[in-house]
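Listed here are the chains, written in short residue letters.
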Amino acid sequence: MQNTLQSTKTFATKTFATKTFATKTFATRPFTTRPFATKTSAPLLLALVLAGCVSAHKPAANGHLALGGHAPEVRDEAELRAFLDDLEAQEFLVSIGLGLEEYNQWRGNSPHFVAEFTRFSNDIHSRRDYAVVIDQWHGKVNDPMLARRLELHHRDFLQARADPAMVHALSDAQVELQDTVDAFRFDVGGEKLTMTAVTEKLRLNADRAVRRAAFMASTQSGAAHADAIVACMKLNDQIARAEGFPNGAEAGLVMQGLTRAQAIHDLEAFEESTRPVLESMIAQAKRDLKVDELQPWDIDYWLYLQETAGGSDAWPRDAGVTRMKDLMTAIGFEPEKMPIDVGVRDVPVGGIAFPVRPPFEAWLLTNPFSGSDFYETLFHEYGHTLNGVLIDAKLPPALLTLDEGPMSEGIAETLGHFAYDAHWLARAAGVTPERATQLERVGKMQLLLWLRRSICLNAHFEALAYDGLASRSNADLDALYAQSYKRFMRMDLPNGRFFGSRDMLGTSATYFDSYLYANMVATQLREAMRKEFGVSDLSNDKRVGPWMVKHLFAPGASIAWQEKVREATGKPLDTQALAKYLDLR
């Protein structure tokens, strides 16, 4: 499994869905920063927006919202709908450019205009006259679709309560941080390596000293980026307080449809309930590796040995895209007809999906990992792109986007879990049913490790770090991170600036939490399909695709994600399906 990334704050710069290293991270964003691509070039779009700024302070004519113009008088629902149509068209324009530029940023192309387009997006959502109209009508309309649009805009325009200069300072800092992270190279034994290469050394190398060096290399990134990350966190905290929240963690989680108290409770409950399984894994790894004490750089290598214990690779990289398309065909999608571009490229996250212009085009980039990591990430990111191209095209722009993080990532994980599904492995990899069952168990152990180490650990640390953040030093945060590591990994973390290697803390506030809820969503969705279809094997059932389109993809953001889970599964989201899925005793 790989890591996770992304922010849902409207002033953040992420507009895609991703999976990040050594943890799993994928992400979605509200419409305001969602990339929508056309053949129009970003420089041309930049010129169009700049030209529109001429009218930035002109009153609206005939009720029409001019580009950058003052909010018109809104007296009834018809005029409100017209206002939102014009507003969303402007958001749409900016989103096209931002999405194109973020794709270029992640491909390493320079120069790019991410900072400029993010500023335009923030300019829109800092408009207090627009926020006044939205607040006046929020919760007071009868049309459910119009009410949902207002709900999303109300959330996005909270930033209008903050100083626009502070919002711009944060988004500029986030873009700069992302660029430096993208360009960073790690020194391991004299080699300059990307994060992908470091991850592969940590996972595949039999030499324990080499693995330790690979693990400790993350402190190089930590030392280089910690100050920038903390600066972003403090700006985020100040903005959140101006918006009326107690701190930055509360504000970020509201953007995911969560609360800080709920998230902390669920993180700690998950840690407690899965602790026996992790401790049994650690004990077995110590026996298998014949070491007195398992260290942080040992467990990934042990899991790799479990994957390859049968003497062959069940997840060959070269066959990954072909197998993925075969699986999608088997479950009722038509991958050859999908306007999806799949790229395998060394990027500083596990994988990234860009729902470029829902529902007409989507792109994904996935890292060339080895083993099940590559397949799980590929399937997951393809789930994001399917979501992007199978949304109902008739939805208004504010709803023509993916859900908040927990649901968007949950839909992607619903497909990601197929990577180590025993039924699929038996057919695709040609292994015996017994070996397929063993490999599924290894996949679930990897998922458990990823959720505890890369998701819950970092989410818990982040939630606590925002308490008194303004007065915290980097040394304070080092100590807090070590405490969280000990709690969630049941082993000590060596000395070092490890929290500074988690750039998501600066670029994608509180997005880590989404992945725990995403796996609750994924397991509950898969359980509901098996029950409804009366089968145990979903990997060869053509009803899966149409079911996902009907219940998950087509509605876009027109339904709150919690209600979408309820409608699809017949009950609210709970922990039962995930607990059952990860019960490896």
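Each value, and the rule that gives it
- Residues numbered from 1 in each chain as written.
- Predicted model: local features only at pLDDT ≥ 70, side-chain atom pairs only at ≥ 80, totals over all residues.
- Heavy atoms only, no water.
- Helix = DSSP H or I, 4+ residues; strand = E, 2+ residues; numbered from the N terminus.
- Expected span 1.5 Å × (residues − 1).
- Buried < 20%, exposed > 50% of the residue type's maximum accessible area, 1.4 Å probe, protein only.
- Contact = heavy atoms within 4.5 Å.
- Polar contact = N/O pair within 3.5 Å; in protein donor to acceptor, adjacent residues only side chain to side chain.
- Phe/Tyr/Trp six-rings, centres within 6.5 Å; stacked < 30°, edge-to-face > 60°.
- Lys NZ or Arg CZ within 6 Å of the ring centre and 35° of its normal.
- Arc of directions from axis to C-beta.
- Axes fitted to C-alpha atoms, helices over the stretch in contact; angles between N-to-C directions.
- Left-handed = near helix turned anticlockwise from the far one by under 90°.
- Nonpolar A, V, L, I, M, F, W, Y, C, P; charged D, E, K, R; others polar.
- pLDDT = per-residue confidence, 0-100.
- Salt bridge = Lys/Arg side-chain N within 4 Å of Asp/Glu carboxyl O.

*Asks:* Please give an account of helix H5 (residues 144–156) that cites residues and values.
*Replies:* The end-to-end C-alpha distance of H5, which contains 13 residues, comes to 19 Å, matching closely the 18 Å that a straight helix rising 1.5 Å per residue would cover. Buried residues of H5: Leu146, Arg148, Arg149, Leu150, Leu152, His153, His154, Arg155 and Asp156, and no others. Next to the buried residues of H5 lie helix H2 (77–106), helix H3 (114–125), helix H4 (128–137) and helix H10 (248–254). Between the side-chain oxygen of the N-cap and the backbone nitrogen of methionine 145 there are 2.8 Å, and the N-cap of H5 in question is aspartate 143.

*Asks:* Explain the packing of aromatic side chains to me, and be specific about the residues and the numbers.
*Replies:* This structure, assessed with the given rule, holds 18 aromatic pairs. An angle of 80 degrees between the planes, with centres 5.4 Å apart, marks the rings of phenylalanine 379 and tryptophan 424 as edge-to-face. Here the residue phenylalanine 379 occupies a position in helix H14 (residues 372–389), and tryptophan 424 occupies one in helix H16 (residues 422–428), the gap between them amounting to 45 residues. Of the two residues, phenylalanine 379 and tryptophan 424, both sit in the buried class. On the basis of an interplanar angle of 40 degrees and a centroid distance of 6.1 Å, the ring pair of phenylalanine 461 and phenylalanine 499 is categorised as tilted. Here phenylalanine 461 is found in helix H17 (residues 433–465), whereas its partner phenylalanine 499 is found in the loop between helix H18 (474–489) and helix H19 (504–507), with 38 residues between them in sequence. Grouping residues by exposure puts phenylalanine 461 and phenylalanine 499 together as buried. Here the aromatic cluster, defined as three or more aromatic residues joined through ring pairs, consists of Phe374, Tyr375, Phe379 and Trp424. Lying across the ring of tyrosine 130, arginine 127 places its NZ or CZ 4.5 Å from the centre. In this arrangement the basic side chain of arginine 526 is found over the ring face of phenylalanine 418, its NZ or CZ atom lying 4.3 Å from the centre.

*Asks:* A description of helix H21 (residues 544–553) should follow, citing residues and the corresponding values.
*Replies:* For an α-helix the count is 3.6 residues per turn, leaving residues at separations of three or four pointing the same way. With respect to burial, H21 is a largely interior element, seven of its 10 residues being buried. Burial in H21 covers these residues: Val544, Gly545, Trp547, Met548, His551, Leu552 and Phe553. All buried residues of H21 project into a common sector of 155 degrees when viewed along the axis, lining one side. Considering only its buried residues, H21 is in contact with H14, helix H15 (405–416), helix H20 (513–533) and helix H22 (561–569).

*Asks:* Summarise the packing of helix H7 (residues 195–204) against helix H8 (residues 208–216); cite the residues concerned and give the values.
*Replies:* Axis angle and axis distance: for two packed helices, these are the angle between their axes and the distance between the axes, and together they describe the pair. Where H7 contacts H8, the two axes come as close as 8 Å, and the packing angle between them is 145 degrees. Both H7 and H8 take part in a crossing whose hand is left-handed. Contacts between H7 and H8 involve Val198, Lys201 and Leu202 on the former and, on the latter, Val210, Arg211, Ala214 and Phe215. Within the contact of H7 with H8, the residues separate by chemical class into five nonpolar, no polar and two charged.

*Asks:* Now, about the confidence of the model for the chain: what can you tell me, with residues and values included?
*Replies:* Summing up the model confidence of the chain, the mean pLDDT is 89 and the portion of residues at 70 or higher is 89%. Low confidence marks residues 1–16, where pLDDT is under 50. Its contacts with residues over four positions away, or in another chain, come to 146 contacts. Long-range and interchain partners of residues 18–59, a stretch whose pLDDT sits below 50, account for 222 contacts in this model, where long-range means more than four residues apart.

*Asks:* Tell me what's going on with the pattern of salt bridges, and back it up with residues and numbers.
*Replies:* Counting across every chain of the model gives 32 salt bridges. Note that aspartate 467 and arginine 260 form a salt bridge whose closest N and O atoms lie 2.7 Å from each other. Of the two residues, aspartate 467 sits in the loop between H17 and H18 while arginine 260 sits in helix H11 (residues 260–289), which places them 207 residues apart along the sequence. Residue aspartate 537 pairs with arginine 427 through a salt bridge whose shortest N-O separation is 3.2 Å. Linking aspartate 537 in the loop between H20 and H21 with arginine 427 in helix H16, this pair joins segments that are 110 residues apart in sequence. You can call arginine 427 partly exposed: its relative accessible area is 41%. Via salt bridges that share partners, Arg148, Arg155, Asp156 and Glu404 belong to a single interconnected network.

*Asks:* Hey, could you go over unusual backbone geometry for me, with residue numbers and the actual values?
*Replies:* In this chain, serine 110 is followed by proline 111 through a cis amide linkage whose omega measures 0 degrees. Within the secondary structure layout, proline 111 lies in the loop between H2 and H3. Cis rather than trans, the peptide bond between proline 358 and proline 359 has omega equal to 0 degrees. The residue proline 359 is located in the loop between strand S6 (351–357) and strand S7 (361–366) in this model. In this model, threonine 510 sits at a positive phi of 55 degrees, which is unusual for a non-glycine residue.

*Asks:* Break down the environment of phenylalanine 215 for me, with residues and values.
*Replies:* Here phenylalanine 215 lies in helix H8. C-alpha of phenylalanine 215 to C-alpha of valine 188: the two residues are 27 residues apart in sequence and 9.5 Å apart in space. Look past the residues within four positions of phenylalanine 215 in its chain and what remains in contact with it is Leu202, Pro296, Trp297, Tyr485, Leu493, Pro494 and Phe498.

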